[in-house]
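A look at the structure
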4 protein chains.
Amino acid sequence: MVNVGIIGSTGYAGQQLVWLLLNHPHVNIDFLSSNSYEGLKYSDIYVSYSQILDEKCISNEAAIEKTPDLDVLFCAMPHGKSMDVVKKAFESGVKVIDLSADFRLKDAQVYKQWYELDHTCADLLGTAVYGLPELHRASIKDAQIIANPGCYPTSAILGIVPILKAGLAESYPIVIDSKSGISGAGRGCDISKLYAEANESTRAYKVASHRHTPEIEQELSSLSGCDANVIFTPHIVPMNRGMLSTCYVKLNKDVDREHLLSMYKDFYKDEYFVKVLDSLPETKWVRGSNFCHIGLSYDNRTGMAVIVSAIDNLMRGAASQAVQNMNIMLDIDEKCGIDFAPMFP
Amino acid sequence: MVNVGIIGSTGYAGQQLVWLLLNHPHVNIDFLSSNSYEGLKYSDIYVSYSQILDEKCISNEAAIEKTPDLDVLFCAMPHGKSMDVVKKAFESGVKVIDLSADFRLKDAQVYKQWYELDHTCADLLGTAVYGLPELHRASIKDAQIIANPGCYPTSAILGIVPILKAGLAESYPIVIDSKSGISGAGRGCDISKLYAEANESTRAYKVASHRHTPEIEQELSSLSGCDANVIFTPHIVPMNRGMLSTCYVKLNKDVDREHLLSMYKDFYKDEYFVKVLDSLPETKWVRGSNFCHIGLSYDNRTGMAVIVSAIDNLMRGAASQAVQNMNIMLDIDEKCGIDFAPMFP
Amino acid sequence: MVNVGIIGSTGYAGQQLVWLLLNHPHVNIDFLSSNSYEGLKYSDIYVSYSQILDEKCISNEAAIEKTPDLDVLFCAMPHGKSMDVVKKAFESGVKVIDLSADFRLKDAQVYKQWYELDHTCADLLGTAVYGLPELHRASIKDAQIIANPGCYPTSAILGIVPILKAGLAESYPIVIDSKSGISGAGRGCDISKLYAEANESTRAYKVASHRHTPEIEQELSSLSGCDANVIFTPHIVPMNRGMLSTCYVKLNKDVDREHLLSMYKDFYKDEYFVKVLDSLPETKWVRGSNFCHIGLSYDNRTGMAVIVSAIDNLMRGAASQAVQNMNIMLDIDEKCGIDFAPMFP
Amino acid sequence: MVNVGIIGSTGYAGQQLVWLLLNHPHVNIDFLSSNSYEGLKYSDIYVSYSQILDEKCISNEAAIEKTPDLDVLFCAMPHGKSMDVVKKAFESGVKVIDLSADFRLKDAQVYKQWYELDHTCADLLGTAVYGLPELHRASIKDAQIIANPGCYPTSAILGIVPILKAGLAESYPIVIDSKSGISGAGRGCDISKLYAEANESTRAYKVASHRHTPEIEQELSSLSGCDANVIFTPHIVPMNRGMLSTCYVKLNKDVDREHLLSMYKDFYKDEYFVKVLDSLPETKWVRGSNFCHIGLSYDNRTGMAVIVSAIDNLMRGAASQAVQNMNIMLDIDEKCGIDFAPMFP
């Protein structure tokens, strides 16, 4: 059995991770930690675990002390808080999967610019592997630190990479317009997330300034060899979970939809968790799963390809992707514990 | 491997069954049938199964012919349509789990009165076992035909039985006020189920006339030995899934809440899938699972016990309860394939 | 023009009041007060008023000083906070419409028992008139203080009174099972009201202990002359606004539905804002309006009448009923400013 | 009093029109017509009008015969069906406001290309005025036929025009990514619009092929004098009403956000119904109103302006804009009957 610990287990991503790991046949959860809920039973925080997981949350400090006993540490803390924890775990020889943004950017200066924080473990940025399995599987296998991708970047990168790698994109800003369910905003309390405020409303936020922008650009650029220039706009739509990214790429030559589609199908032909559809994706069809659905169109009037990509923000955008990474790192069947169809409705 | 077939696999309950059986380690799905979608790939009807279950639906007629090869037939057709199919399967020696109402009522006259149909297999009503595992486990083990309970009755009976068996109820009508997510109304198209009509609205329907009433009365009466008299009002609330039943029972003596609560905890102490809470249940905490959560209060001002019971209408109210029944019938671990925590959020 | 002030204008009920009064042809809003948002522009708190109502909120203290200049004070503060404000306004000769619970109960002892507070203006409880226009219109006309009814009591009392006044109820507990949209829980932040927690969930709360219980009993008893005994259970369902109360009354003789229905139609035949339907009400059909829709059934199996009543909790359950009361007090056409059809969808 | 008739009064836009016109102080509704519901009482179709509007719907044929008695005809039929009705009304000298797409495009060839229909009244295309009041007020005053704009074009054009007229846009495709509440899809029944299918899902549709594209291009081009090239993607998000358009325009020189913002504020400074915000708009803040809220940002990394525009799709995107047009045509105060703040929540 793989012995794992979860730091920051009571946020939405942490909880989703607990849900998956509890049913993973090769995993034993050693501890759950939480600074907000230290000492409380997990089932008092999430009543869904009543008489299933009545274990108490330990503090993050206590968790760090127990880390050397682990095979894998999952770290689901906010950015800025992860760095030191990850470093300590790494130095103890424990594999770490970090769900925060702290190890995603390769350049500490870019990190500082967007997160307004000095990176205190810049020396480990080269060690960390960006955990998008379909694009970095080989490096993930040997990684000691996984930077689990952000939800928006996961959906956008999977959608755009094939067209960039094919050299079809003009050097023009790529527009990424993403729509996320509200769980992406976390469990912290503020008025704008109250049901009566968020229900029946759609809004954009952090226009031209969201921190996932450099992450998307870094990966698109390094994967394709082009210098990707991205304008990214996140939106909140009234649903619990789900994420749809609509990506607009100006092409450098005229193609047709069938050509693009078969190129995409070919690109992902060996990938179980990425499905290229003949139709357009809907978030409901990937809900509660690790799947990414991609559909696309080409507009010959404007010369633009429109790629639409759907994931579950808490699963493929966070927890189930983390488990997929763990499976790869530990040479477990990649699908183990996350191999179920989306849950509908 | 257990070889199963699913007739009526494309309704909401049927689809939920497919989702569960696909991941059941001991089950092979032999066929999926549907009269509405005969010849279509399952993944064209529910895109969530893309490249996971691309098998085509066969007609119900073809399904009936293949039934003798099965170990278990799941029948998820509307009431009235199930009778003959169940009979044929039974006569072939195949075990049947019927999700319709056709074999739930023991008395063909009561069936006729509420369903306005003659029962054509009244001789099998005594053979069929009402599949509420916590209350009929022994009979389920040996059953050839399971009448899988209705969603409303499941939530109401589990909530009320302990108090009736304890002889605490006065002979006064029991009020059952239930709230269901809209998936309970099925996938058929009508205006009242359109998003813009159903969203932001709550309504009662079939007041004093819903067909689950005699089912609840039959079971409460036979399980408790009292003559239960029930007034039942179903409501539709704007959510995909979930069911909450608030049950009002006038007691014949003054008790206190703690007494009732410990009586309930004791009643269900060996039952994994029924959790008695100190707090009040919420449908979100059982979502996507086979669990039933029960909470209660006692009002000494009126002498009434109020028992609140929450289930997922498509899971414990239909598909996962059917799987639980199958497990029991086949002497598989009762939790197999349905042993995961509720999915939140 | 009627000069009004609104204390507590930034809660959900207060905001709804502002919305109505802004369009009332005979009203001038003198001030808006708020302790939480003192000094902020109203349109910064509710952006819907941008460039429509950019006036700043004054403190409640400043509001109280300005009260003597008013014709009518609306007080939309929490219970306990209203008493003294209402008293001061009354002593200045200003008419007051209080949306809190502070002046609804006639008996200071009952108030203390349920609200766990001493009533500091018990001498005014006899002066205050319970503002349910259809049932107390004559007294409202001459009132100086209106205790604007609670949302749950409004829906329940309008639904039950006719049957009680007709002497048809057996002396058995009346069961009132109410479902409210989440705006009823106010704008304060707590986790249980976050979208991702409240969406897709239904729950009961304060079973057998909600403070609207004595208010309902007081009014049903005094209006009917019977001694009403009520068990009331409020529920939260995932919608912004709307309230449905399902009321169960055991009758003392056998009737039929048509008889009850024509009795109800007769009872409300002169009332514009209460519609008795042949069908069952749905909250969407009264949304955003002052209307109350009532439908009913009779179950001869149990001898129980089931009356279902729908209102908009923020309108008829709070703000528009307050305006209706103001109109009556000031001899303005009762419908003025609230005479529009429900808004659908 | 202005005598009006409404053809196609039972669709969602038609109903919203009825709601507004019923309260318009200068309007008398002469008839309501509907082919689907001919002979039914309006209050049986929309129960919200019970005992408010119990008038029966006449057939569209009967409606056409009564048209010569009107001052204004509102035509809320699907495209293709409107042409002949509008023509007849026009020939009788009745002013017409057509909510369909039939008279929006100036070029019958473009109409044919996108709507796959021959235009049978191409001679009237020059007579019809595109009813976007802020941009065509003078022509609307004298118009006999108003082509009421589509919902998507209304939000997009109001958002983009100022930047184009200022000559700031590079000749590159403008990306318009719009999110609409589901009422925009109408009241017709299909599975994809059922609550359990549409809830908790976001999807794009008609990518690169939606018929509002040429309407947007026509207006942007003629209003700005540039040759606008637009790629437009509509999305459905799970809410009843509301529309948010996020528009991406590559600028031909470096500006800053403050500059753009003051330019927009200046552009709309005399317009009551278009509010330029310092913050970003949310659909909830315009809900149930005729207002359009606009916010924006500038990304100097990509040289793109992002303009976000919010309307209520049934109000400013259909019915209230139609009333605004009527007011202008008849020299009534432009705000009459639509001058209320958005309804929250």
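Keep in mind it's a predicted model, so treat the numbers as computed, not measured. (Residues numbered from 1 in each chain as written. Chains lettered and ligands numbered in written order. Predicted model: local features only at pLDDT ≥ 70, side-chain atom pairs only at ≥ 80, totals over all residues. Heavy atoms only, no water.)

A short note on unusual backbone geometry
Of the consecutive residues F344(A) and P345(A), the connecting peptide bond is found in the cis state with omega at -10°. Within the secondary structure layout, P345(A) lies in the segment after α11 (319-329). Even without glycine at this site, A208(B) takes up a positive phi of about 60°. Note that A208(B) resides in the loop between β8 (203-204) and α9 (212-224). Even without being glycine, D331(B) reaches a positive phi, approximately 60°. With respect to the helices, strands and loops of the structure, D331(B) is situated in the segment after α11 (319-329). Residue D331(B) is classed as exposed on the basis of its relative accessible area, which comes to 66%. (Helix = DSSP H or I, 4+ residues; strand = E, 2+ residues; numbered from the N terminus. Buried < 20%, exposed > 50% of the residue type's maximum accessible area, 1.4 Å probe, protein only.)

Some points on the interface of chain A and chain D
Taken together, the contact between chain A and chain D spans 52 residues of the former and 51 residues of the latter. When chain A packs against chain D, the two sides together hide about 4200 Å² of surface, and 57% of this comes from carbon and sulfur. Three residues stand out in chain A for area buried against chain D, namely Y172(A), E200(A) and R301(A), and they jointly supply 17% of the buried area on that side. The interface formed by chain A and chain D includes eight salt bridges. A salt bridge links E200(D) to R287(A); its shortest N-O distance comes to 2.7 Å. For the interface between chain A and chain D, the tally reads 25 residue pairs in polar contact (both at pLDDT 80 or more). Classifying every residue of the side of chain A that touches chain D gives 26 nonpolar, eleven polar and 15 charged. (Contact = heavy atoms within 4.5 Å. Buried area = accessible area lost by both parts, 1.4 Å probe. Salt bridge = Lys/Arg side-chain N within 4 Å of Asp/Glu carboxyl O. Polar contact = N/O pair within 3.5 Å; in protein donor to acceptor, adjacent residues only side chain to side chain. Nonpolar A, V, L, I, M, F, W, Y, C, P; charged D, E, K, R; others polar.)

A word on the interface of chain B and chain A
Across the boundary between the two partners, chain B contributes 37 residues, which contact 37 residues of chain A. Carbon and sulfur atoms make up 61% of the area that chain B and chain A hide from each other, which totals about 3200 Å². Here chain B is connected to chain A by twelve residue pairs in polar contact (both at pLDDT 80 or more). Those elements that place two or more of their residues in the side of chain B that touches chain A are α1 (12-22) and β11 (274-276) of chain B. Take the side of chain B that touches chain A: its biggest share by element is four residues, from α1(B). For the side of chain B that touches chain A, the residue count by class is 20 nonpolar, eleven polar and six charged.

Digging into the relation of the copies chain A and chain D
With an RMSD of 0.0 Å, chain A superimposes on chain D once it is rotated by 180° and translated 0.0 Å along the axis. In symmetry terms, the pair is related by a two-fold rotation axis. Residue by residue, 98% of the interface of chain A is reproduced at the interface of chain D, so both copies engage with the same surface. (Least-squares fit on C-alpha atoms with pLDDT ≥ 70 in both.)

Topic: the UniProt feature "domain: Semialdehyde dehydrogenase NAD-binding" (unreviewed entry) in chain A
With numbering aligned to this structure, UniProt lists the feature "domain: Semialdehyde dehydrogenase NAD-binding" (unreviewed entry) at residues 3-143 of chain A. Taken end to end, residues 3-143 of chain A is 35% helix and 16% strand, and its first and last C-alpha atoms sit 17 Å apart. (UniProt positions renumbered as here; feature names shortened; annotations may be inferred.)

Considering the packing of aromatic side chains
Evaluated as defined, the whole model comprises 56 aromatic pairs over all chains. Taking the centre distance of 4.9 Å and the plane angle of 15° together, the rings of Y111(D) and Y115(D) count as stacked. In this pair, Y111(D) and Y115(D) are both assigned in helix α5 (residues 108-115), four residues apart and thus about one turn of the helix distant. Note on Y115(D): relative accessible area 5%, which makes it buried. Every member of this aromatic cluster is reached through a ring pair, and the members are Y12(A), Y42(A), Y46(A), Y49(A), W285(B) and F344(B). (Phe/Tyr/Trp six-rings, centres within 6.5 Å; stacked < 30°, edge-to-face > 60°.)

Focus: the packing of helix α1 (residues 12-22) of chain D against helix α11 (residues 319-329) of chain D
Residue and element names in this part refer to chain D. For the pair α1 and α11, the least separation of the axes is 8 Å and the interaxial angle reads 50°. What the angle tells us is that α1 and α11 run oblique. Two packed elements cross with a definite hand, and for α1 against α11 that hand is right-handed. Between α1, through A13, Q16, L17, L20 and L21, and α11, the contact on the second element is made entirely by A319, S320, A322, V323 and M326. Among the residues forming the contact of α1 with α11, the class breakdown is eight nonpolar, two polar and no charged. (Axes fitted to C-alpha atoms, helices over the stretch in contact; angles between N-to-C directions. Parallel < 35°, antiparallel > 145°, perpendicular 65-115°, else oblique. Left-handed = near helix turned anticlockwise from the far one by under 90°.)

Things to note about the relation of the copies chain B and chain A
Here the two chain copies are tied together by a rotation about an axis and a shift along that axis. If you rotate chain B by 180° and push it 0.0 Å along the axis, it lands on chain A with an RMSD of 0.0 Å. Most of the interface of chain B is mirrored in chain A: 100% of its interface residues are interface residues there too.

Examining the nonpolar core
Membership of the largest hydrophobic core comes to 430 residues, with the highest contact counts inside it found for I163(A), I163(B), I163(C) and I163(D). Residues contacting I163(A), with those up to four places away along its chain left out, are L168(A), A169(A), V249(A), L251(A), L260(A), M263(A), Y264(A), A305(A) and I307(A). (Core = buried A, V, L, I, M, F, W, Y, C linked by side-chain atoms within 4.5 Å.)

Looking at the environment of K250(B)
Inspection of the secondary structure puts K250(B) in strand β10 (residues 243-250). Sequence separation between K250(B) and P68(B) is 182 residues, and the spatial gap between their C-alpha atoms is 49 Å. Discounting residues that sit within four places of it in the chain, K250(B) has contacts with L168(B), A169(B), E170(B), Y172(B), T302(B), G303(B), M304(B), Y172(C) and P173(C). A polar atom in the side chain of K250(B) sits 2.9 Å from the backbone oxygen of T302(B).

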